[in-house]
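Here is how the chains run, residue by residue.
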Amino acid sequence: MLKIQNLTKIYPGGKKAVDNFSLEVAPGKIYGFIGPNGAGKTTTIKCCTGILNFDQGEIFVEGISLKDDLVAAKRIMAYVPDNPDLYDYLTGIQYLNFISDIYEVSQEMRRQNIMEYAEAFGLNQDLQDLIGSYSHGMKQKLALIGAFVHQPRLLILDEPFVGLDPKSFHILKELMNRLCESGSSVFFSSHILDVVEKICEHIAIIQQGRLIYSGTMSEVRGNQSLESIFLEMTDDERN
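About the thresholds
- Within any chain, residue numbers begin from 1 and follow the written order of that chain's sequence.
- Only residues with pLDDT of at least 70 are given local features in this predicted model, and only at 80 or more are side-chain atom pairs given and counted; all residues enter the totals for whole chains, interfaces and linings.
- As a rule here, side-chain values cover all heavy atoms of the structure and leave hydrogens and water aside.
- Here, nonpolar core refers to any group of buried Ala, Val, Leu, Ile, Met, Phe, Trp, Tyr and Cys residues whose side-chain atoms link them within 4.5 Å.
- The classification of residues rests on relative accessible area computed with a 1.4 Å probe and restricted to protein chains. Under 20% of the type maximum is buried, over 50% is exposed, and intermediate values are partly exposed.
- Helix numbering and strand numbering both begin at the N terminus, where a helix is a DSSP run of H or I of at least 4 residues and a strand a DSSP run of E of at least 2.
- Working definition: the arc comes from the directions between the helix axis and the C-beta atoms, pointing outward to the latter.
- Working rule for contacts: check all heavy atoms of both residues, and any pair within 4.5 Å makes them a contact.
- Two cysteine sulfurs form a disulfide in these notes if their separation is within 2.5 Å.
- Put simply, a salt bridge is a Lys or Arg side-chain nitrogen that is within 4 Å of an Asp or Glu carboxyl oxygen.
- By this definition, two strands are paired if DSSP reports at least two bridges between them.
- Angles here are taken between N-to-C directions and fall from 0 to 180 degrees, while the axes themselves are lines fitted to C-alpha atoms, restricted in helices to the stretch in contact.

Generally speaking, nonpolar side chains in soluble globular proteins are found buried as a group. Leu142, Met176, Val186, Phe188 and Ile203 are the most contacted members of the largest nonpolar core, which totals 50 residues. Core analysis: the next-biggest nonpolar cluster, separate from the first, contains 28 residues, Leu2, Ile45, Leu66 and Ile206 among them.

Structure (structure tokens):
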């Protein structure tokens with residue numbers, strides 16, 4: 001579903017944020033992406049979503065090259081950043097209809113999906129209000145509804161659980177699982193290792209822009225906790 005080949009991203013001034021990074025995310029999988037602050041997680045994600053250009057390598061979404069047809073790749077993916085920057089002067093329902101229009105979601109499907117997801121996240125009574133009146137958590141929920149509304153083949157999330165209340169936390173996990181059951185994939189970064197350990201079948205660990213591990217959770221964890229393994233791996237990389 002997502003194939004990253006030899007990705008390299010160099011920022012002005014020569015800082016190599018991502019260094020020859022390769023990874024594959026299979027259909028129907030929830031893939032956790034972890035690493036220390038500044039390791040290159042968000043840069044990698046922004047390259048995968050077409051927000052940032054990259055210097056070397058290739059990225060494919062369900063076989064579509066971002067270099068060859070970025071719009072076609074974006075049509076089948078959705079992305080929610082760690083701090084959603086939404087349109088404050090739209091109402092919640094106007095924003096969701098705008099997103100639905102971009103992805104050409106039918107009127108029937110959008111009504112059904114918006115109603116279902118808004119009710120799940122407890123936002124159905126707030127959709128007529130301006131987004132500027134929303135709290136950070138409400139904005140995050142609205143961005144998530146917008147991501148799910150067109151049933152993406154690939155859902156990419158950057159720190160999706162930060163700021164969510166416990167119920168919404170649980171709802172998001174359920175929706176991620178349901179999306180994967182339909183054959184789509186989820187690729188998300190998180191610093192909450194307990195969550196990654198519980199819901200991900202596969203993980204990738206990045207350090208200083210380089211992939212230092214990718215594989216199944218059981219393979220990397222063994223009899224230890226993910227937190228212990230993560231600290232050992234990243235400490236080894238620094239020393």
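Quick look at helix 3 (residues 92–102) now. Here helix 3 has its buried residues at Gly92, Tyr95, Leu96, Ile99 and Ser100. The buried side chains of helix 3 occupy one side of the element, clustering within an arc of 135° when seen end-on. Against the buried residues of helix 3 lie helix 4 (107–120) and helix 5 (136–148). Once helix 3 ends, the next one or two residues include Glu104, with phi positive near 55°.

What follows covers the state of the cysteines. In total, this model carries 0 disulfides according to the counting rule given. Of all cysteine sulfurs, the one in Cys200 lies closest to Cys180, which takes part in no disulfide; the gap is 9.3 Å. For Cys180, a relative accessible area of 9% gives the class buried. A residue is classified by how much of its surface remains accessible, and Cys200, at 6% relative accessible area, is buried.

When the charged atoms of two side chains lie near each other, side chains of opposite charge can form a pair. A complete count under the given rule lists 8 salt bridges for this structure. The residue Glu104 makes a salt bridge to Arg75 at a minimum N-O spacing of 3.9 Å. Taken together, the positions of Glu104 in the loop between helix 3 and helix 4 and Arg75 in helix 2 (residues 70–75) put the pair 29 residues apart, joining distant regions of the chain. Linking Arg110 and Asp101 is a salt bridge whose minimum nitrogen-to-oxygen distance equals 2.9 Å.

In space, the 6 strands of this open sheet follow the order 6-7-8-3-9-10, with mixed pairing throughout. Each of the sheet's edge strands pairs with one partner strand only, and the pair in question is strand 6 (77–80) and strand 10 (210–216). If you compare each strand with its neighbour and ignore which way they point, the axes differ by 15° on average. The sheet contact formed by strand 3 (residues 30–34) and strand 9 (residues 202–207) spans 4 bridges and is parallel. Looking at the pairing, Gly32 lines up with Ile203 of strand 9. The strands that helix 5 touches are strand 6 and strand 7 (154–158); relative to strand 6, the one it contacts most, it runs at about 175°. Helix 6 (residues 166–181) rests against strand 3, strand 7 and strand 8 (185–189) of the sheet, and its axis sits at about 140° to strand 8.

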